[in-house]
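Residues per chain, in single letters:
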Amino acid sequence: MEIQGAAVDAARLVRDARYAAGQTQMALADRAGVSRATVAAIETGARSPSWAMLSKILAATGKQMRVELEPLDEDLRRAVAAMGEGAAGSTEAADDLSMTVSLMEGLVDVGYRFEGTAAAALLGGPIPLPGRVGLALPDGPEAVGWLVRLMQTGAAAVTPLGRSYPLDGVRSPEGVARLVELGDGGAFLLDYWLRTFLVRFAPHEETARAVLVVGEHAPLRVQPLHEIEATDKHVARVLRLLREQAQDPRDG
């Protein structure tokens, strides 16, 4: 059952309450004034009871439900506060990603920036780094040259977005141009050191808008909070909360 979008595991509640009371399904059914089949159907999840029915059955076990109200997004506020207080893992995202950046020789000298969900995680959001870390490179010969040198090491692989296999022969500016041409929207996947980046080339003025996040091995350039977009509902909630707190210093 759901109460305004909040899922309630009625099957588990009834089972746990009956076990705690030491009752059989028949005994509970008799006490609640319902059939044993009704109790069985609820406990197996075959039937979703109304709030009134669930309350009635739980009362027959000597239990009652209690609904407590808390401020909107209180769960996220606690998670953000815990990270800000130095809880375990609070800098894990930045430290983890900075290690990879430090190994990608020359990237720190290119005006790149991390974007999307990865940026939200690096800016303090209680979310893990995504499997594909958004990375924007400034469009021009400097970033293209960096990518060519990285590919020449043989330690990286690139796959045009929308393709199922890496593109061989990306060892020159012409190869990079071909890579961008083949990828959906010009984007491509860059696999390096057990990390996958979703890369795009963007105008210099766009990648120049970045904030610095301190990592254990290298500083990280990150998309500003107000520019980050997310389709995932949870990430969108995190972004809204972080923006609210950035506007109100008392929350920060």
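Once a new chain begins, its residue numbering starts again from 1 and follows that chain's sequence as written. Restriction of local features to residues with pLDDT of at least 70 applies here, the model being predicted, together with a cutoff of 80 or more for giving and counting side-chain atom pairs; totals for whole chains, interfaces and linings are based on all residues. Hydrogens and water molecules were not included; the side-chain quantities draw on all heavy atoms of the structure.

### Here we look at the nonpolar core
Core analysis: the biggest nonpolar cluster contains 49 residues, and Phe114, Leu190 and Leu220 have the highest contact counts within it. Each helix corresponds to a stretch of at least 4 residues labelled H or I by DSSP, and each strand to a stretch of at least 2 residues labelled E; elements are numbered beginning at the N terminus. Element by element, the count of residues in this core is highest for helix α8 (residues 141-152), at seven residues. The criterion used for residue contact is that any of the two residues' heavy atoms lie within 4.5 Å. Apart from residues no more than four positions distant in its own chain, Phe114 is found in contact with Leu97, Val101, Ala119, Leu122, Val133, Gly134, Leu135, Phe197, Leu220, Arg221, Val222 and Gln223. In this description, a nonpolar core means a group of buried Ala, Val, Leu, Ile, Met, Phe, Trp, Tyr and Cys residues linked to one another through side-chain atoms lying within 4.5 Å. Partly exposed describes any residue whose relative accessible area lies between the buried limit of under 20% and the exposed limit of over 50%, with all areas from a 1.4 Å probe on protein chains only and scaled to the type maximum. Ranked by size, the runner-up nonpolar core spans 14 residues in total, among them Val14, Val34, Ile42 and Leu54.

### As for the side chain of Arg195
Position of Arg195 among the secondary structure elements: in strand β7 (residues 195-202). Relative accessible area serves as the criterion here: at 13%, Arg195 is assigned to the buried category. Polar contact is defined as a pair of N or O atoms within 3.5 Å, subject to the rule that within protein one atom must be able to donate a hydrogen and the other to accept it, and that residues adjacent in sequence are counted only when both atoms are side-chain atoms. A distance of 2.5 Å separates a polar atom in the side chain of Arg195 from a polar atom in the side chain of Asp96.

### Concerning a nonpolar patch on the surface
A cluster of nonpolar residues, Met99, Leu103 and Trp193, forms a patch on the protein surface that exposes about 310 Å² of accessible area. You can see Met99 is positioned in helix α6 (residues 92-103). What makes Met99 partly exposed here is its relative accessible area of 37%. A residue counts toward a patch only above 30% relative accessible area and without a salt bridge, and it is joined to like-charged neighbours within 9 Å or, for Val, Leu, Ile, Met, Phe, Trp and Tyr, to nonpolar neighbours within 5 Å. Methods summary: accessible areas were calculated by the Shrake-Rupley approach with a probe of 1.4 Å, and residue burial reflects only the protein chains presented. Each reported salt bridge corresponds to a side-chain nitrogen of Lys or Arg within 4 Å of a carboxyl oxygen of Asp or Glu.

### A closer look at the environment of Asp30
Note on placement: Asp30 falls in helix α2 (residues 25-32). Between the alpha carbons of Asp30 and Ala60 there is a distance of 9.0 Å; along the sequence they are 30 residues apart.

### Some points on the packing of aromatic side chains
Working definition: rings of Phe, Tyr and Trp (its six-membered ring) pair if their centres are within 6.5 Å, and the pair is stacked with planes under 30 degrees apart, edge-to-face with planes over 60 apart, and tilted otherwise. Taken as a whole and assessed by the stated rule, the structure comprises three aromatic pairs. A ring pair is formed by Tyr112 and Phe114, whose centres lie 5.2 Å apart and whose planes are at 70°; its orientation type is edge-to-face. This pair shows no difference in class: Tyr112 is buried, exactly as Phe114 is. Geometrically, the ring pair formed by Phe114 and Phe197 is stacked, given 6.3 Å between the ring centres and 25° between the ring planes. Of this pair, Phe114 sits in strand β3 (residues 113-115) while Phe197 is found in strand β7, placing the two residues 83 residues apart along the sequence. A single burial state applies to Phe114 and to Phe197, both of which are buried. A network of ring pairs unites the aromatic residues Tyr112, Phe114 and Phe197 as a single cluster.

### Thoughts on unusual backbone geometry
With a phi close to 50°, Trp193 is a non-glycine residue in the positive phi region. A positive phi angle, close to 60°, is found at Leu194, a residue other than glycine. For Leu194, the position within the fold is in the loop between β6 (188-192) and β7.

### Here's the deal with the environment of Leu54
Inspection of the secondary structure puts Leu54 in helix α4 (residues 51-59). Among the residues examined, Leu54 registers a relative accessible area of 0% and is labelled buried. Separated by 11 residues in the primary sequence, Leu54 and Met65 have C-alpha atoms spaced 8.9 Å apart.

### Some points on the pairing of β6
The buried fraction of β6 is high, at four of five residues. We treat two strands as partners when DSSP finds at least two bridges between them. Two elements, strand β5 (residues 156-160) and β6, share five bridges in a ladder whose sense is antiparallel. The residue of β6 that forms the bridge with Val158 is Leu190. Pairing geometry for β6 and β7, over five bridges, is antiparallel. Counted as the bridge partner of Asp191 is Thr196 from β7. A loop of two residues connects β6 with β7, the two strands running antiparallel in sequence, and Trp193 in this loop sits at a positive phi of about 50°.

### Some details on the pairing of β7
Successive residues of a regular strand alternate their side chains across the two faces of the sheet. Across the eight residues of β7, six count as buried, placing the element largely inside the fold. Pairing of strand β4 (residues 132-138) with β7, which is carried by seven bridges, proceeds in the parallel orientation. Paired with Gly134 across the bridge in β7 is Leu198.

### Looking at the packing of helix α1 (residues 10-21) against α4
To get an axis, fit a line to the C-alpha atoms, keeping to the stretch in contact for a helix; angles then go from 0 to 180 degrees between the N-to-C directions. In the contact formed by α1 and α4, the axes pass within 9 Å of each other and the chain directions differ by 15°. The orientation of α1 with respect to α4, classified from their angle, is roughly parallel. By crossing handedness, the relation of α1 to α4 is classed as left-handed. Across the interface between the two elements, Ala10, Leu13, Val14 and Ala17 from α1 touch Leu54, Ile57 and Leu58 from α4. When an angle is under 35 degrees it counts as roughly parallel; over 145 it counts as roughly antiparallel; between 65 and 115 it counts as roughly perpendicular; any other value is oblique. Two helices that cross are described as forming a left-handed crossing if the nearer one is turned anticlockwise from the farther one by less than a right angle, and a right-handed crossing if clockwise.

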